[in-house]
Amino acid sequence: VPSVLCLGDCQLQTSCRIQKCTTDFVSLTSYLNSALESFDLEFCKALRAYSACTYRNSKVCRGNLDYHSAVLGISDLMSQRNCSKDGPTSSTNPELTHDPCNYIGHTEARKHQGAEKTPPTTYLFCGLFGDPHLRTFKDHFQTCKVEGAWPLIDNNYLSVQVTNVPVVPGSSATATNKITIIFKSYQDCTDQKVYQAVTDDLPAAFVDGTTSGGDGNTKSLRIVEKVSGKYVEMHAKYIGTTVYVRQLGHYLTLAIRMPQELVMAYEESQDLQLCVNGCPSSERIDDGGHLPFPVMGQLLPQSGAAHPRSVYTLETATTKCHEKMLVKDIYFYSCVFDLLTTGDANFTAAAHSALQDVEALHPRKEHWHIFPSGGGGGVGKGSKFSIGLGLVCLILVVFL
């Protein structure tokens, strides 16, 4: 509802405070992430606060068009989000309702207490999929060998380790068959919780059999099963972190969104983190971003192998990947690389879901797609991927 977004250049009556109502609503919702489980609850609370503010101004704003547009906009949004008219409302002073096990509320309280001195929370994204392809917290995209166990993340709040195994004989490419995640104990919000997934065993619970951490009412940490045995989400409200784990074919993928200040909270001895610093140069398959497409059939198992794979040409692999991904970004070319390397069509789904996870968790829409600077699957030696720039939308557009 565009009229709800009218924050400037609105001709408002001096005594009508509808602009203040709208500004408060935007402030209350600007930090919300639609991927988080608590989004609908918090958004409805902010809507009810917005509605109450317009009601208080109903008499003085009676002849104001922006006021009536806001009232209609609120009604539409409440219907879209199934918000009840009665219920709790958001406080414009978050410090008064501070929840130590709610990272978003905690940072908002600090921001209000410190006024403009406290910068807004910055979230970072990291993902791993396919052969494997790594997208670091700095939006660097790499294809690596990293056979065996490697740490993706290792900070004061969270540890994530993956184990990669060779995909096909004759290739240095590997894929992930085991993921171990440790949510470290934090104040009274949660005890330490360990999650472990291996191929064909993607549980919807931590290793101790529980599905949540912390107080039973607040559930500051919880697991949500989306597809039985194939896709789970972990929401750690106390550290503002979301983790997705999937199994596609015989291998696992991982995507994570975490606040920057927590990502960088680690000791000097914890510097080997693939999500933070990328893969060591000796473990890189790509050459400065150049994906070396293998020759057809060169890296595939012999026809007498237990599980012979179909052979893809560059043309058929491109066609197969284009069925799932219309934009020829680095996820598309990673898909082509994986098909040519393994002949396993499941890697097409892995690349596609990895891009979907980016769209769900990456905080900046203009950085969702990464394009090879030279076009095609390969870019010049030593060149780097460039980030495709897009338009930055107003914060509420994603909610409508």
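Structure: above.
Because the structure is a prediction, the values reported are computed rather than measured. (Residues numbered from 1 in each chain as written. Predicted model: local features only at pLDDT ≥ 70, side-chain atom pairs only at ≥ 80, totals over all residues. Heavy atoms only, no water.)

Structurally, Asp131 can be placed in the loop between strand S1 (123-129) and strand S2 (133-135). By relative accessible area, Asp131 is classed as buried at 0%. Expressed as a C-alpha distance, the spacing of Asp131 and Asp338, which sit 207 residues apart in the sequence, is 6.4 Å. (Helix = DSSP H or I, 4+ residues; strand = E, 2+ residues; numbered from the N terminus. Buried < 20%, exposed > 50% of the residue type's maximum accessible area, 1.4 Å probe, protein only.)

This next bit is on the sheet that holds strand S12 (residues 251-259). Within the open sheet, the 8 strands sit side by side as S3-S2-S1-S12-S11-S10-S9-S8. Their pairing is antiparallel. Whereas interior strands pair on both sides, the edge strands pair on one side only; in this sheet they are strand S3 (141-143) and strand S8 (212-213). The sheet contact formed by S1 and S12 spans 6 bridges and is antiparallel. Residue pairing in the sheet places Leu124 in a bridge with Met258 of S12. The sheet contacts of helix H9 (residues 346-361) involve S1, S2, strand S11 (241-248) and S12, and relative to S11 the element is tilted by about 165°. (Pairing = 2+ DSSP bridges. Contact = heavy atoms within 4.5 Å. Axes fitted to C-alpha atoms, helices over the stretch in contact; angles between N-to-C directions.)

What follows concerns the pairing of S12. On a regular strand, each side chain points to the face opposite its neighbour's, so the side chains alternate between the two faces of the sheet. Most of S12 is tucked away, with 9 of its 9 residues classed as buried. In S12, alternate side chains face the same way, and those of Tyr251, Thr253, Ala255, Arg257 and Pro259 on one face and Leu252, Leu254, Ile256 and Met258 on the other are all buried. Looking at chain direction, S11 and S12 are connected through 7 bridges and run antiparallel. If you follow Tyr244 over to S12, its bridge partner there is Ala255. Count of turn residues in the S11/S12 antiparallel hairpin: 2 residues, of which Gly249 carries a positive phi of about 70°.

Note that all results are geometric; they support no functional claim without further evidence.
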